[in-house]
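Fold and geometry: a report
Residue-level listing of the chains:
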Amino acid sequence: MTTRPELPGMAESYWMATAPGTRWPVSETDTTADVAVIGAGMAGLSTAWELTRAGRSVVVLEADRVAAGVTGYTTAKLTAAHSLVYERLRRTRGPEGARQYARSQQAAVERIGAVAAELGVDCDFERSSALTFTTDPQHRAVFEAEAEAAAEAGLDASLVTETDLPFPVAAAVRVAHQARFHPRKYLLALADDITARGGVIHERTRVTGLTEGSPCKVTTERGTTITAKDVVVATHYPVFDRALLFARLSPRRELVVAAPLPASAAPEHMYITDDMGKRSVRTAPLDEGRRLLIVTGEDFTPGAGDSHERFLRLDAWMHAHFPVGDTAYRWAAQDNDASDTVPLVGPFHPGAHHVYVATGFGGWGMSGGAMAGQLLASLITGAEPEWAGLYDPRRLRSTVREGASLLKQQAEVARHFVGDRLKSGHVDSIAEIAPGSGAVVRVEGRRCAVYRDEKGGVHAVSARCTHLGCLVAFNEAETAWECPCHGSRFGVDGEVLHGPAVRPLPPRTT
């Protein structure tokens, strides 16, 4: 068997490696609060912080550690420039819809800057422009239209052809007055301020049940109950399916590599392109005379594709284009795309009166999460921002308008749900699985997800995702089982790493 090249760098997010750990207590007793917030990432903590500032009592429930899920593995661009979005919004939502999107996202950028200053947190907040570029001259007209639409929406946007990238571009939409920051340092400061103002945070407290009513009741896997007037579901991918939002969300993973380079050679601004298989570039302060170059790309559906080869390809691109040293870090981010482009933030479903959701940020969860915090806190306290309707999950016209995208997503889910069951399996027997690898194998007529560790030990669990029953696939580069239907991820012993699943994969005997 051919030996694969080793992956470069430490398998950890830079944000996780350079911020302190957390130890908030597990929920062990029943409690009552004005609002229960499920999820302690960007959207959840932003919402909780805004609510405590408004005088509400808040309990935050996090299945793992604060700011250690999706938010801990972002690239942390803080911008209202979301690639080529404004021309599309102008066509599908009208000029006013595009303006509302721009105002709400830019307000989120400014909010984070203001909060960081107010709390006095050193979170490496830096102002920068954000540029979306192409290297193909034939795409210039598309970028001209985007620059015009972004400027019409109220952003400081312009079309440029000169950048500080180490290669030429054909055109780029530049949006000024954007930012970048260290998301985990920022959110840990928010968490401290939430508790200082009387809020309660529980880690290692997975929510498994929600009863809507007056009041609502949230139950955890340990059996505790949190009674609250209002509930916010901010788990990235909603852990409850009653709103059928899973039919309007498409999960994807993106790989990230990072390496030091001389500060004199570092790009001043943030960049993104869909050329070359998508590439996103930004830097972060590192030490005297150096910055950390962070490059993102190679997106794929969880459970599909070879992430090992994708990591190598992304790393090779970084080294080919920038004068970086050895790769220091590698990690992966997970995002959910809404079928009609705009995030879903607001009442959970048409009949919801006290349950709210924030999801579908499409790779822009930093500004999106801060926006969601402001929007949801306003709705819960009786106000309604002008852009509430734009993000309302109950919207129907845009969903119908983007029906082709929605149908494509669900066709892909159906392909995995049915097609994966028709496959004979990755290997014929457990004996064929090499150390450090995993595969789906039939054992006594049942499909098992089997991993063999480096010492030869076998770890077998059910291959059916506990969310809706799709078959999982093994991600060797990240040593995890992934569901290609809705993005749930599991450890080799079945523990839930990422929802919407809330129950582990049951163990199997071999």
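Residues numbered from 1 in each chain as written. Predicted model: local features only at pLDDT ≥ 70, side-chain atom pairs only at ≥ 80, totals over all residues. Heavy atoms only, no water.

1. Here's the deal with the state of the cysteines
Formally: The definition used for a disulfide is geometric: two cysteine sulfur atoms within 2.5 Å. Accessible area is worked out with a 1.4 Å probe on protein chains only. A residue is then buried under 20% of its type maximum, exposed over 50%, and partly exposed in between.
In the structure shown here, the tally under the stated rule is 1 disulfide. In this structure Cys-465 is a free cysteine whose sulfur lies 4.0 Å from that of Cys-483, the closest cysteine sulfur available. By relative accessible area, Cys-465 is classed as buried at 4%.

2. Focus on the nonpolar core
The cut-off we apply is this: The term nonpolar core refers to a set of buried residues drawn from Ala, Val, Leu, Ile, Met, Phe, Trp, Tyr and Cys, joined through side-chain atoms within 4.5 Å. The helix count covers DSSP runs of H or I at least four residues long, the strand count covers runs of E at least two residues long, and both are numbered beginning at the N terminus. The contact criterion used throughout is that any non-hydrogen atoms of two residues lie within 4.5 Å.
Membership of the largest hydrophobic core comes to 80 residues, with the highest contact counts inside it found for Tyr-86, Phe-181, Tyr-186, Val-345 and Tyr-391. In terms of residue count, the dominant contributor to this core is helix H3 (residues 86-119) (10 residues). In this structure Val-345 touches Val-357, Ala-358, Phe-361, Met-371, Ala-372, Leu-375, Leu-376, Tyr-391, Asp-392 and Pro-393, once residues within four positions along its chain are discounted.

3. Brief notes about the sheet that holds strand E21 (residues 458-462)
Within a sheet, neighbouring strands are paired by backbone hydrogen bonds and run either parallel or antiparallel to one another. For clarity, the threshold we go by: In short, DSSP must find at least two bridges between two strands for them to pair. Fitted lines through C-alpha atoms give the axes, limited to the stretch in contact for helices. The angle between two N-to-C directions lies from 0 to 180 degrees.
Taken together, the 3 strands give an open sheet; going across it, the order is E19-E20-E21, and neighbouring strands pair in antiparallel fashion. Each of the sheet's edge strands pairs with one partner strand only, and the pair in question is strand E19 (437-443) and E21. Adjacent strand axes in the sheet meet at a mean angle of 30° when their direction is disregarded.

4. A closer look at the pattern of salt bridges
Stated precisely, the cut-off is as follows: The term salt bridge refers to a side-chain nitrogen of Lys or Arg lying within 4 Å of a carboxyl oxygen of Asp or Glu.
Applying the stated criterion across every chain yields a total of 31 salt bridges. Taking the shortest distance from any N to any O, the salt bridge between Glu-87 and Arg-90 comes out at 2.6 Å. Remark: Arg-90 and Glu-87 occur in helix H3; sequence separation between them is 3 residues, near one turn of the helix. Accessibility expressed as a relative area gives 18% for Arg-90, which makes it buried. With its nearest N and O atoms 3.4 Å apart, the salt bridge here joins Glu-478 to Arg-489. Separated by 11 residues along the polypeptide, Glu-478 in the loop between strand E22 (473-475) and strand E23 (480-482) and Arg-489 in strand E24 (residues 489-490) bring together distant segments of the chain. A residue is classified by how much of its surface remains accessible, and Glu-478, at 22% relative accessible area, is partly exposed. Via salt bridges that share partners, Glu-87, Arg-90, Arg-91, Glu-148 and Glu-152 belong to a single interconnected network.

5. Side note on the sheet that holds E24
The strand order across the open sheet formed by 4 strands is E22-E23-E24-E25, and the pairing between neighbours is antiparallel. Bordering the open sheet on either side are E22 and strand E25 (496-498), each of which pairs with just one other strand.

6. Remarks on the packing of aromatic side chains
Two numbers describe a pair of aromatic rings. These are the distance of the centres and the angle of the planes. This is how the line gets drawn: Only Phe, Tyr and Trp rings are paired, with Trp represented by its six-membered ring, and only when their centres lie within 6.5 Å; those with planes under 30 degrees apart are stacked, over 60 edge-to-face, the remainder tilted.
Summed over all chains, the structure comprises 11 aromatic pairs. Their ring planes at 70° and their centres at 5.5 Å tell us that Tyr-14 and Tyr-329 sit as a pair that is edge-to-face. Here Tyr-329 lies in strand E16 (residues 329-338) and Tyr-14 lies in helix H1 (residues 14-17), a separation of 315 residues in the sequence. Each of the two residues, Tyr-14 as well as Tyr-329, counts as buried. Here the aromatic cluster, defined as three or more aromatic residues joined through ring pairs, consists of Phe-133, Phe-167, Tyr-271, Trp-317 and Phe-322.

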